[in-house]
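Fold and contact review
Next come the chains, spelled out residue by residue.
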Amino acid sequence: MRVAIIGCGWVGTRLSLYLKERNHHVIVTTTSSEKISSLKNNASEVHLLDFSIPQNFDFLNEIDVAIFSMPISRNHWFEGFKNLNQTFPKTILFSSTGIYPTENQIFTENDTENLREDILASENLVKEKYPQTTILRFGGLMGDNRSLQNIFKNKSPENPQKKANYIHYEDILAIVEQILHSDKKGRIYNLVAPEHPTIAEILNLEIQKPNKENIKKNQRIISSESLIQDFNYTFIHPNPKYF
């Protein structure tokens, strides 16, 4: 399968190597010439692509799957993306659960009120051009050196009673591979580990007198139940406490 990862960042770098090792022909793009050398170890082809300047998209001809991984909350790529006229049998967009309001409730893909406008604009732009796009909304990205233990190594969390909505990158890779081989198209899925300990529980912090009001305010949970049901998926890393 010929797979293009357009915008090869932290997740894309790991995904490209994962797919290449499974005998896919992986084409990746980057906006930085400095990254080309290192990306050549992870992909079959590496191309410079900056949507903010005129581009030749011929290298994207005859692609089976295009994975769009541009910065989801920025719009500098919008105009250039509109000039992308290639057709792709399957498309995937990497988005973010940051699209949901910071309210005290369980959010699913069916929640469409008060979504964050910049992220929603990116999703809509891609879906308008490629209606078959499957949108994957990632929780906080974790794995390798990305951990709460490292983030809070020299500081304390402001909201230790906040529920965790994180995803280990190894689950992202496995889920993307399932989607590559699935006939499901045009869906939206939240990718968040199904268990939601508090930040304090992950860091083993002792909260002597939990503030009941703070506990009530920090119960925002992003549900991945739709993904679990549609793909019968079992998370490799279900609990952020053990990432």
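Provided above is the structure to which this section pertains.
Reading the values: rules and limits
- Residues numbered from 1 in each chain as written.
- Predicted model: local features only at pLDDT ≥ 70, side-chain atom pairs only at ≥ 80, totals over all residues.
- Heavy atoms only, no water.
- Helix = DSSP H or I, 4+ residues; strand = E, 2+ residues; numbered from the N terminus.
- Rg over C-alpha atoms; globule rule 2.2 N^0.38 Å.
- Buried < 20%, exposed > 50% of the residue type's maximum accessible area, 1.4 Å probe, protein only.
- Contact = heavy atoms within 4.5 Å.
- Areas by Shrake-Rupley, 256 points an atom, 1.4 Å probe, with all protein chains shown as cover.
- Lys, Arg positive; Asp, Glu negative; His and termini not counted.
- Charge placed at Lys NZ, Arg CZ, Asp CG, Glu CD.
- 1 Å grid on protein atoms, 1.4 Å probe; cavity = no way out; pocket = protein on both sides within 12 Å on 5 of 7 lines; lining within 4 Å.
- Points joined across faces, edges and corners; volume = space filled by probe spheres on them.
- Nonpolar A, V, L, I, M, F, W, Y, C, P; charged D, E, K, R; others polar.
- Phe/Tyr/Trp six-rings, centres within 6.5 Å; stacked < 30°, edge-to-face > 60°.
- Lys NZ or Arg CZ within 6 Å of the ring centre and 35° of its normal.

If you tally the helices and strands in the protein, you get 9 helices and 11 strands. A compact globule built from 243 residues would reach a C-alpha radius of gyration of about 18 Å, and the protein, at 19 Å, matches this within 12%. Out of the 243 residues in the protein, the part that is buried amounts to 49%. Partitioning the contacts of the protein with sequence separation of at least 6, the portion at a separation of at least 24 is 76%. Surface accessibility of the protein: about 12600 Å² in total, with carbon and sulfur atoms responsible for 44%. For the protein, the distance from the average site of its 27 positive side-chain charges to the average site of its 28 negative ones is 4 Å.

Glancing now at empty space enclosed by the protein. Scanning all chains against the criterion turns up 1 cavity of 30 Å³ or more. For the largest cavity, the calculated volume is near 80 Å³. Every residue along the wall of the largest cavity is listed here: Met142, Arg146, Ser147, Leu148, Gln149, Tyr166, Ile202, Pro240, Lys241 and Phe243. Counted by class, the lining of the largest cavity contains 6 nonpolar, 2 polar and 2 charged residues.

A few words on the layout of surface pockets. When its volume is computed, the largest pocket comes out at roughly 810 Å³. For the largest pocket, the lining is made up of 34 residues, of which Gly9, Ser69, Met70, Pro71 and Ile72 are closest to its centre. Among the elements of the structure, helix H1 (10-20), strand E2 (25-30), strand E5 (90-96) and strand E8 (140-142) are those that each provide at least two residues to the lining of the largest pocket. Within the lining of the largest pocket, the residues separate by chemical class into 14 nonpolar, 15 polar and 5 charged.

On inspection of all chains with the given rule, the structure shows 14 aromatic pairs. Considering the side-chain rings of Phe51 and Phe81, the 5.9 Å spacing of their centres and the 75° angle between planes classify their relative orientation as edge-to-face. Linking Phe51 in the loop between strand E3 (45-48) and strand E4 (65-68) with Phe81 in helix H3 (residues 78-82), this pair joins segments that are 30 residues apart in sequence. Using a relative accessible area of 8% as the deciding quantity, one classes Phe51 as buried. Between the aromatic rings of Tyr100 and Phe107, the centroid separation amounts to 5.5 Å while the plane-to-plane angle is 25°, which identifies the pairing as stacked. Across the pair, exposure class does not vary: Tyr100 and Phe107 are buried alike. The structure contains a cluster of three or more aromatic residues connected by ring pairs, namely Phe51, Phe57, Phe68, Trp77, Phe78, Phe81, Phe88 and Tyr130. Residue placement shows Arg14 over the ring face of Tyr169; its charged tip is 5.4 Å from the ring centre.

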